[in-house]
Amino acid sequence: SILGTLLVFFSYGVGAAFNFLIIRYFFKDVLANKFTKVKAIIRGNGQYGLLLNLIGLRLIAVIPFWVLNIAAAMLDVKFSTFIISTLIGIIPSSI
């Protein structure tokens, strides 16, 4: 149903944003040396490269979403870039 899809879409977006902000502002130093392989995969040329990499990784679901959330927070991805990539990347799984 449309209502269910919108609820999943909204809930996942809020949860991912919350995870991203908590990691960035409270746990970034603790997790600085973790997830190095994932950070190397995501890192692109500028914010546009990061956006494309995050969207692609969410669409093909190679790396769990929660790991992408943590890695993006530690890579200093802009919050807007993160949210856009998250919302685009979860469309197929929420329909």
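Residues numbered from 1 in each chain as written. Predicted model: local features only at pLDDT ≥ 70, side-chain atom pairs only at ≥ 80, totals over all residues. Heavy atoms only, no water.

### Details of the environment of methionine 74
Among the structural elements, methionine 74 can be located in helix H4 (residues 65-74). The exposure class of methionine 74 is buried, given its relative accessible area of 9%. Distance from methionine 74 to lysine 34, taken between C-alpha atoms, is 9.6 Å for residues 40 residues apart in sequence. (Helix = DSSP H or I, 4+ residues; strand = E, 2+ residues; numbered from the N terminus. Buried < 20%, exposed > 50% of the residue type's maximum accessible area, 1.4 Å probe, protein only.)

### Some words on the packing of helix H1 (residues 2-27) against H4
At a closest axis distance of 8 Å, the pairing of H1 and H4 adopts a crossing angle of 45°. Considering the angle they form, H1 stands oblique to H4. For the element pair H1 and H4, the recorded crossing hand is right-handed. Seen from H1, the contacting residues are Tyr12, Ala16, Asn19, Phe20, Ile23 and Arg24; seen from H4, they are Phe65, Trp66, Asn69, Ile70, Ala72, Ala73 and Met74. For the contact of H1 with H4, the class distribution of residues is 10 nonpolar, two polar and one charged. (Axes fitted to C-alpha atoms, helices over the stretch in contact; angles between N-to-C directions. Parallel < 35°, antiparallel > 145°, perpendicular 65-115°, else oblique. Left-handed = near helix turned anticlockwise from the far one by under 90°. Contact = heavy atoms within 4.5 Å. Nonpolar A, V, L, I, M, F, W, Y, C, P; charged D, E, K, R; others polar.)

### Things to note about the packing of H1 against helix H5 (residues 79-89)
Close contact between H1 and H5 brings their axes to 10 Å; oriented N to C, the two are set at 145°. Note that H1 runs across H5; the crossing there is right-handed. Within the contact between the two elements, H1 uses Phe9, Tyr12, Gly13, Ala16, Ala17, Phe20, Leu21 and Arg24 and H5 uses Phe79, Phe82, Ile83, Thr86 and Leu87. Here the contact of H1 with H5 is composed, by residue class, of 10 nonpolar, two polar and one charged.

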